[in-house]
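If you want the building blocks of each chain, they are given just below.
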Amino acid sequence: MIARRMRRVTYSCAFCGEDNEVFVDPSGGRRQVFTEDCTVCCRPNLITLTIEDDGEVLLDAAQEYEA
Ligand SMILES: [Zn+2]
């Protein structure tokens, strides 16, 4: 697999379960935490993103607040 500077990762919305895509920017650090609004239900997902040594991206989506 070729490592790219930018890559897309799909996650399931923590609220409605729909798939969303985020762009990973490796220059942002090995571990990044940010909020992404779901494109379907518009509620905020707290994204925790980890880039491993081999370039694999681990992504966890959680509800930013209790709905
Ligand atoms: Zn959603």
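Being a predicted model, the structure only gives us computed values, none of them experimental.

## A few points about the environment of Val-33
Thought 1: With respect to the secondary-structure elements, Val-33 resides in strand 3 (residues 31-37).
Thought 2: Along the sequence, Val-33 and Leu-59 sit 26 residues apart, while their C-alpha atoms lie 9.7 Å from each other.

## Quick notes on the pairing of strand 1 (residues 7-12)
Thought 1: The pairing of strand 1 with strand 2 (residues 19-24) spans 6 bridges and is antiparallel. Within the sheet, the bridge partner assigned to Val-9 lies in strand 2 and is Val-22.
Thought 2: The turn linking strand 1 back onto strand 2 is made up of 6 residues, and Gly-17 within it adopts a positive phi angle of 85 degrees.

## Examining unusual backbone geometry
Thought 1: The phi dihedral of Cys-42 is positive, around 65 degrees, even though this residue is not glycine.
Thought 2: Structurally, Cys-42 can be placed in the loop between strand 3 and strand 4 (44-51).
Thought 3: Cys-42 sits in the exposed class, given 10 other C-beta atoms within 10 Å.

## Quick word on the sheet that holds strand 5 (residues 57-63)
Thought 1: Taken together, the 3 strands give an open sheet; going across it, the order is 3-4-5, and neighbouring strands pair in antiparallel fashion. Looking along the sheet, the strands with just one partner apiece sit at the ends: strand 3 and strand 5. Averaged over neighbouring strand pairs, the angle between their axes works out to 25 degrees when direction is ignored.
Thought 2: With 7 bridges joining them, strand 4 and strand 5 adopt antiparallel strand pairing.

Here is what the cut-offs are and how they apply
Residues numbered from 1 in each chain as written. Predicted model: local features only at pLDDT ≥ 70, side-chain atom pairs only at ≥ 80, totals over all residues. Helix = DSSP H or I, 4+ residues; strand = E, 2+ residues; numbered from the N terminus. Pairing = 2+ DSSP bridges. Buried ≥ 20, exposed ≤ 12 C-beta atoms within 10 Å, placed from the backbone. Axes fitted to C-alpha atoms, helices over the stretch in contact; angles between N-to-C directions.

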